[in-house]
Amino acid sequence: MNNLSEFFKKYNHWFLFVLLEAVSIILLFRFNNYQGSVWFTSANRMAAEVNRWHHDAVGYLHLKDVNERLSGENMALQQQIAQLREALDIRDDSLSANDRVVREALNGFTLIPARVTSNSILKNENYVVINKGRADGVETEMGVVGGGGVVGIVFLTGEHYSLILPIINVKSNISCRLRGHRFFGNLQWYGGSTLFAYLNDIPRYAKIRVGGVVETSGYSEVFPPGLFVGRVTQIANAPDGLSMQLKVNLGTDFANLSDVSVIVNRNKPQIDSLRIDLESFETAQNG
Amino acid sequence: MIGTFLKRLFWLVILMLLQVLVFNHVQILGYATPMICIYLILLFPLDTSRSQILLWGFATGLLQDIFTNTPGMNAASLTLVALLQPDLLKLFASKDFVENEDSPVPSARSMNWGPFLRYVFVAVLISQVAFYLLEAFSFFNPIELGINIGGGTLMSFLVILAMEGVRKGYTKKQNS
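Side note on the overall build of chain B
Phase 1: A tally of regular secondary structure across chain B gives eight helices and zero strands.
Phase 2: Relative to the globule expectation of 16 Å for 176 residues, the C-alpha radius of gyration of chain B, 16 Å, shows essentially globular dimensions.
Phase 3: Judged by the C-alpha coordinates and their principal axes, chain B covers about 50 × 30 × 30 Å.
Phase 4: In chain B, buried positions account for 47% of the 176 residues.
Phase 5: In chain B, the share of contacts with a sequence separation of at least 24, taken over all contacts with a separation of at least 6, comes to 68%.
Phase 6: Surface summary for chain B: the accessible area is close to 8,800 Å², and the carbon and sulfur share equals 69%.
Phase 7: Where the 11 positive side-chain charges of chain B centre and where its 10 negative ones centre are 9 Å apart.

Okay, structure coming up:
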């Protein structure tokens, strides 16, 4: 205690000095605009800096909560995405998703990708040549599809090239039906525009809307059922007056055809062997 | 005791009047205003209590601040000088002066010119540095700050020397 009082007695001028300087500085900041503003701004900056540290520290401590909230949100969003995707899948029957529809219909079939090497659109008997032949597994009467839908049927095969009979050949005849209906008919082309073909033999009582989808029927073994061909653009009577003739806007753009796929029909050998069996059975019966 | 106090008060009034009426208007190119109030602080003998010097320094500075409208600046710088005054005196004065039982008032006569000049110069420099640092309150313009400090120190030093010369002559006349 004695030491303390002696300490104060000995160094009291220091305390006085600090006090007086403090008073001076307070006066300085209080009554001088310039120094006051400098002090104020730098004090503000200091305070802001300290506040920022505090905020950072608190933010770091709260990271766990934030993380949990974010992952919860993430989960909810993922769920929403899944729901929306499902909804989109259900709604999606438009032409824009053609490629996907075609691919889905072809699911389970082997496809041979090929490139168009020669093509014609101006004649009545147009042919398409692709760069895959027997060596690649292409056989006659295999279906050919492109990104827009059905292209045609393999007509002749070479070793490395094949000749395709496209829809836009007057000899072409593909069995098609209307999506959502039981009615089917033959798709034929009569020359002229390569954008349109005609679907014949649709009964007159069929209720058809313009814009309906025309797809393969699956009756001809060449194409699996449900492949997109085109859309109905005009409904008219057939020349014979007994049925309707639908003008179909073809999904495939034949003027701009480059990449196609040949559908390998795995059932064809089985069906062929059945036919052979039938023939031998018949000959055995007859003979 | 009361006599020295009144004497100092008289000195304070004289110095303040000189400062406010004359020297505050002395400027060379806008710089180098002499500040002479520090002279009062420099004249405390060694046996004065340090608290007393501090209070005198603060009061002098505050008074000058009131007249020059610079609250705090002179008070702070003169308080600093008041704190350092005894140490500066011990540092520069001769051994005889420091160990003198009578504790004479620091002057060119009692200390001789050389130590007294150094003592005054360093004290003035310290006060001017403190004052102008507080005035500028930044190192944004160091050249101007340097000119201010240098000019102020030089002018204050010269004026204080002149006053010291007058005082020395006066005391000599009195003694003879």
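What to know about the confidence of the model for chain A
Fine structural detail should not be taken from predicted coordinates in areas where pLDDT scores are low.
Phase 1: Mean pLDDT over chain A stands at 83; residues scoring 70 or higher make up 91%.
Phase 2: Between the elements of chain A, mean pLDDT differs from a low of 61, seen in helix α4 (residues 98–105) of chain A, to a high of 91, seen in strand β5 (residues 162–166) of chain A.

Structural notes on the interface of chain A and chain B
Phase 1: Taken together, the contact pairs 19 residues of chain A with 21 residues of chain B.
Phase 2: At the boundary of chain A with chain B, total buried surface from both sides reaches about 1,600 Å², with 75% on carbon and sulfur atoms.
Phase 3: Sorting the residues of chain A by area buried against chain B places His-13, Phe-17 and Leu-20 of chain A first, and these three jointly supply 30% of that buried surface.
Phase 4: At the junction of chain A with chain B, the criterion picks out zero salt bridges.
Phase 5: Taken together, the elements giving at least two residues each to the side of chain A that touches chain B come down to α1 (2–31) and α2 (33–61) of chain A.
Phase 6: In terms of residue count, the dominant contributor to the side of chain A that touches chain B is α1 of chain A (14 residues).
Phase 7: Class assignment of the residues belonging to the side of chain A that touches chain B gives a composition of 13 nonpolar, five polar and one charged.

What about the sheet that holds strand β6 (residues 174–178) of chain A?
All names here are of chain A.
Phase 1: Here six strands make up a closed barrel; going around it, the order is β6-β7-β8-β11-β10-β9 and the pairing antiparallel. Looking at each pair of strands side by side, their axes are set apart by 40° on average, direction ignored.
Phase 2: Looking at chain direction, strand β8 (residues 196–203) and strand β11 (residues 243–250) are connected through six bridges and run antiparallel. Note on β11: the bridge partner recorded for Ile-202 is Met-244.

Here's the deal with the packing of aromatic side chains
All names here are of chain B.
Phase 1: Inspection of every chain in the model, using the stated rule, returns eleven aromatic pairs over all chains.
Phase 2: Ring centres of Phe-5 and Trp-56 lie 5.5 Å apart, and the angle between their planes is 55°; this geometry places the pair in the tilted category. Of this pair, Phe-5 sits in helix α1 (residues 2–22) while Trp-56 is found in helix α3 (residues 50–68), placing the two residues 51 residues apart along the sequence.
Phase 3: With relative accessibility at 38%, the residue Phe-5 sits in the partly exposed group.
Phase 4: Site record: aromatic cluster; members linked through ring pairs are Phe-5, Phe-44 and Trp-56.

Structural notes on the packing of α1 of chain B against α3 of chain B
In a pair of packed helices, the angle between the axes and the distance between the axes together describe the arrangement.
All names here are of chain B.
Phase 1: Two elements in contact, α1 and α3, have axes separated by 11 Å at closest approach and are oriented at 30°. In terms of their interaxial angle, α1 and α3 are classed as roughly parallel. Both α1 and α3 take part in a crossing whose hand is right-handed. The residues of α3 that touch α1, namely those facing Phe-5, Arg-8, Leu-9, Leu-12, Met-16, Gln-19 and Val-20, are Gln-52, Trp-56, Thr-60, Leu-63, Gln-64 and Phe-67.
Phase 2: For the contact of α1 with α3, the per-class residue count stands at eight nonpolar, four polar and one charged.

Observations concerning the pattern of salt bridges
Residue and element names in this part refer to chain A.
Phase 1: Applying the stated criterion across every chain, the model contains ten salt bridges over all chains.
Phase 2: Where Asp-259 meets Arg-115, a salt bridge forms, and the shortest distance between an N and an O atom there is 3.3 Å. Highlighted residues: Asp-259 in strand β12 (residues 259–264) and Arg-115 in strand β1 (residues 110–119), separated in sequence by 144 residues.
Phase 3: Take Arg-115: its relative accessible area is 45%, and that puts it in the partly exposed class.
Phase 4: Ionic pairing is found between Arg-177 and Glu-215, a salt bridge with its closest N-O pair at 2.9 Å.

Observations regarding the nonpolar core
Phase 1: Membership of the largest hydrophobic core comes to 43 residues, with the highest contact counts inside it found for Ile-167, Leu-187, Ile-202, Phe-223 and Leu-250 of chain A.
Phase 2: When sequence neighbours within four positions are dropped, the list of residues in contact with Ile-167 of chain A reads Val-150, Val-151, Gly-152, Ser-172, Ile-174, Leu-187, Trp-189, Ala-197, Val-229, Leu-250 and Phe-254 of chain A.
Phase 3: Formed by 42 residues, the second largest nonpolar core is a distinct cluster that contains Cys-37, Leu-43, Trp-56 and Ile-160 of chain B.

Some thoughts on α3 of chain B
Phase 1: For α3 of chain B, spanning 19 residues, the distance from its first C-alpha to its last is 27 Å, which sits close to the expected 27 Å at 1.5 Å a residue.
Phase 2: Where α3 of chain B terminates, the next one or two residues include Asn-69 of chain B, which has phi positive at roughly 60°.

Side note on the side chain of Thr-216 of chain A
All names here are of chain A.
Phase 1: Locating Thr-216 in the fold gives a position in strand β9 (residues 213–216).
Phase 2: A polar contact of 2.7 Å, which involves the side chain of Thr-216, links it to the backbone oxygen of Pro-224.
Phase 3: Not counting chain neighbours up to four residues away, the residues in contact with Thr-216 comprise Val-150, Ser-175, Cys-176, Arg-177, Phe-223, Pro-224, Pro-225, Gly-226, Leu-227 and Val-229.

What counts, and where the lines are drawn
- Residues numbered from 1 in each chain as written.
- Chains lettered and ligands numbered in written order.
- Predicted model: local features only at pLDDT ≥ 70, side-chain atom pairs only at ≥ 80, totals over all residues.
- Heavy atoms only, no water.
- Helix = DSSP H or I, 4+ residues; strand = E, 2+ residues; numbered from the N terminus.
- Rg over C-alpha atoms; globule rule 2.2 N^0.38 Å.
- Buried < 20%, exposed > 50% of the residue type's maximum accessible area, 1.4 Å probe, protein only.
- Contact = heavy atoms within 4.5 Å.
- Areas by Shrake-Rupley, 256 points an atom, 1.4 Å probe, with all protein chains shown as cover.
- Lys, Arg positive; Asp, Glu negative; His and termini not counted.
- Charge placed at Lys NZ, Arg CZ, Asp CG, Glu CD.
- pLDDT = per-residue confidence, 0-100.
- Buried area = accessible area lost by both parts, 1.4 Å probe.
- Salt bridge = Lys/Arg side-chain N within 4 Å of Asp/Glu carboxyl O.
- Nonpolar A, V, L, I, M, F, W, Y, C, P; charged D, E, K, R; others polar.
- Pairing = 2+ DSSP bridges.
- Axes fitted to C-alpha atoms, helices over the stretch in contact; angles between N-to-C directions.
- Phe/Tyr/Trp six-rings, centres within 6.5 Å; stacked < 30°, edge-to-face > 60°.
- Parallel < 35°, antiparallel > 145°, perpendicular 65-115°, else oblique.
- Left-handed = near helix turned anticlockwise from the far one by under 90°.
- Core = buried A, V, L, I, M, F, W, Y, C linked by side-chain atoms within 4.5 Å.
- Expected span 1.5 Å × (residues − 1).
- Polar contact = N/O pair within 3.5 Å; in protein donor to acceptor, adjacent residues only side chain to side chain.

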